[in-house]
Amino acid sequence: MTDDLLLDVQDLRVEFPTLRGTIHALQGVTFGLHRCETLGLAGETGCGKSVTALAILRLVSHPGRISRGKILFEGRDLLAVSEAEMRDLRGSQISMILQEPKMSLNPVIRVGAQVAETLLVHDKTLSRRAAAERAVEMLATLGIPDPRRVARRYPHELSGGMAQRVMIAMMLVTRPKLLIADEPTSALDVTIQAQILELMKALKREIRTALLLITHDLGVMAETCDRVAVMYAGSVVEQGPVRTVLKRPQHPYTQGLLKTIPNDVAPDQPLFSIRGQVPSLLQPSIGCAFAPRCERAMPECAAKVPPQYGLEADHHVACFLHAPGA
Ligand code: SF4
C-alpha cells in the first residue's frame, strides 16, 4: 500500500440470500482511494455502487453479508476490527451523506442539536454548549444564512437544498478523513445541485477529506472527480483518471455508457442505448458479465472473468481486448 492510499478495497464480495436464491451483489470489487482525492463510482442502477458504500461502513443490512475481500482503511482491515471500533470510526473518520437528506435527519430534533450530537458522540470531553456553538459555526461554513436561527428549526421546516447542507454539516463537523456521498444531489433541482457540489468541493479542500462520490450522472463526475471507477454487475470494469476514462474509455461498457449521453443528437435522431439487459445476479459470473451485450465479445469472454489490465498511468480495464498481445 502506498503511503497516500487511504482506502484500499480488494476483491470485495457481498451476497444477499433470498427465497429465489443468493444475489451476488458484489463480485470482486477492487479499487483504491488516495488521501484528499475524489473518486467517482459510476454505473447503472443496481450495479453495486451503494452496496459498496455500505460495505465499507460495514452496514450491509441483514441477511446480506460480506463473503470475501479486504477493506483497508489507513492499512487497517475494516472487516477484521470489532463492532465497537467500527462504531468509533463511523462518523469520526468515515462519514456518509445519503441521497434524501430529510429521510436521514431525525424529524423531531432541531437540526442544530443533530449536528452537535455528532460531535458529542465522538468527543466525550466536549460540553453541550461548546458542541452547539461549533454546530452553528459549521452551518455558517456551509453558507447557511442566519445559522443560529436555522439551527433551531426542525427538518420539515427546511428546503431540500438547505436540508442537504445541514446533512453535509453533520457529516463534516468531525472532519472525517473519508466522506462517502451517495447521489448527494440527485433529489435537488439543477441550480441547488450545482451549489451543493461547489460547496462540497470547497469544504473537501479545506478539511482535506477524501471523497467517494457515487453518482450515475457523468456530467457531475466530470466536474467533481479526480478519478473514476465504472461498475457493471457488481464489479469495477474500468478505473483511471477522470479525463482519461471519459475522453478515451477503453471498456466497451464505458464506451456505451458515454454514448447514452444525449449531447450532439439531432432532434430527429433516436437516442443511443446499450442493447440487452443487465444480467441477473442470482448466479455469480463465470465469464465477463457484459459479454451478452458486448459487440466485441470473443469466445473466451464467456469462459472466464477478465482480470484488470493496466494501461497507461493508473488506467485499468477488465476486458480481454486489453490482454497483453491481444
Ligand atoms: Fe466485451 Fe469480452 Fe471485453 Fe467483456 S471481456 S467487454 S465481452 S470484449
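Structural notes, computed from the coordinates.

Conventions and cut-offs
Residues numbered from 1 in each chain as written. Predicted model: local features only at pLDDT ≥ 70, side-chain atom pairs only at ≥ 80, totals over all residues. Heavy atoms only, no water. Core = buried A, V, L, I, M, F, W, Y, C linked by side-chain atoms within 4.5 Å. Buried < 20%, exposed > 50% of the residue type's maximum accessible area, 1.4 Å probe, protein only. Helix = DSSP H or I, 4+ residues; strand = E, 2+ residues; numbered from the N terminus. Contact = heavy atoms within 4.5 Å. Pairing = 2+ DSSP bridges. Near = heavy atom within 4 Å. 1 Å grid on protein atoms, 1.4 Å probe; cavity = no way out; pocket = protein on both sides within 12 Å on 5 of 7 lines; lining within 4 Å. Sits in = over half its atoms within 2 Å of the grid points. Nonpolar A, V, L, I, M, F, W, Y, C, P; charged D, E, K, R; others polar. Axes fitted to C-alpha atoms, helices over the stretch in contact; angles between N-to-C directions. Salt bridge = Lys/Arg side-chain N within 4 Å of Asp/Glu carboxyl O.

Describing the nonpolar core
Across soluble globular proteins, nonpolar side chains have a tendency to be buried as a group.
Then, number 1: Val-115, Leu-142, Val-166, Ile-168 and Tyr-253 are the most contacted members of the largest nonpolar core, which has 65 residues in total.
Then, number 2: A total of nine residues in this core trace back to one element, the largest contributor, which is helix H7 (residues 160–172).
Then, number 3: If sequence neighbours within four positions are ignored, Val-166 has contacts with Leu-105, Val-111, Val-115, Leu-139, Ile-144 and Leu-158.
Then, number 4: Core analysis: the second largest hydrophobic core is formed by 35 residues, Leu-6, Val-14, Phe-31 and Leu-78 among them.

A look at the pairing of strand S10 (residues 235–241)
Then, number 1: With six of seven residues buried, S10 is to be regarded as a mostly interior element.
Then, number 2: In the sheet, strand S9 (residues 227–232) pairs with S10 via six bridges, with the strands oriented antiparallel. By the bridge assignment, Val-228 is partnered in S10 with Gly-240.
Then, number 3: Counting the residues in the hairpin turn of S9 and S10 gives two residues, including Ala-233, whose phi is positive at 45 degrees.
Then, number 4: Relative to strand S12 (residues 316–317), S10 runs antiparallel, the two sharing two bridges. Considered in S12, the bridge of Glu-238 is made with Val-317.

Some details on the site of the ligand
Then, number 1: Residues in contact with the ligand, as listed here, are His-251, Pro-252, Cys-288, Ala-291, Cys-294, Arg-296, Ala-297, Cys-301, Cys-319, Phe-320 and Leu-321.
Then, number 2: More than half of the atoms of the ligand fall within 2 Å of the grid points belonging to the largest cavity.
Then, number 3: Grouping the amino acids of the shell around the ligand by side-chain chemistry returns nine nonpolar, one polar and one charged.

A look at the sheet that holds strand S8 (residues 210–214)
Picture the strands of a sheet paired through backbone hydrogen bonds; they go either parallel or antiparallel.
Then, number 1: If you walk across this open sheet you meet the eight strands as S6-S7-S8-S3-S9-S10-S12-S11, and the pairing is mixed. The sheet terminates laterally at strand S6 (94–97) and strand S11 (309–310), the two strands that pair on one side only.
Then, number 2: In terms of strand pairing, strand S3 (residues 38–42) meets S8 through four bridges, oriented parallel. Of the residues in S8, the one forming a bridge with Leu-39 is Leu-212.
Then, number 3: Taken strand by strand, H7 contacts S6 and strand S7 (178–182), and its axis lies near 170 degrees from that of S6.

Side note on the pattern of salt bridges
Then, number 1: In this structure the tally under the stated criterion is 16 salt bridges.
Then, number 2: The partner of Glu-83 in a salt bridge is Arg-58, with the nearest N and O atoms 3.1 Å apart. With Glu-83 in helix H2 (residues 83–92) and Arg-58 in the loop between helix H1 (49–56) and strand S4 (65–73), the pair connects residues that are 25 residues apart, well separated along the chain.
Then, number 3: Overall, the relative accessible area of 22% leaves Arg-58 in the partly exposed class.
Then, number 4: With a shortest N-O distance of 3.4 Å, Glu-198 and Lys-201 are connected by a salt bridge. Here the residue Glu-198 and the residue Lys-201 both occupy positions in helix H8 (residues 190–207), the gap between them amounting to three residues, near one helical turn.
Then, number 5: Among the residues examined, Glu-198 registers a relative accessible area of 45% and is labelled partly exposed.
Then, number 6: Look at the salt bridges and you will find they share partners, linking Asp-11, Arg-13 and Arg-68 into a network.

None of this, on its own, says anything about what the molecule does.
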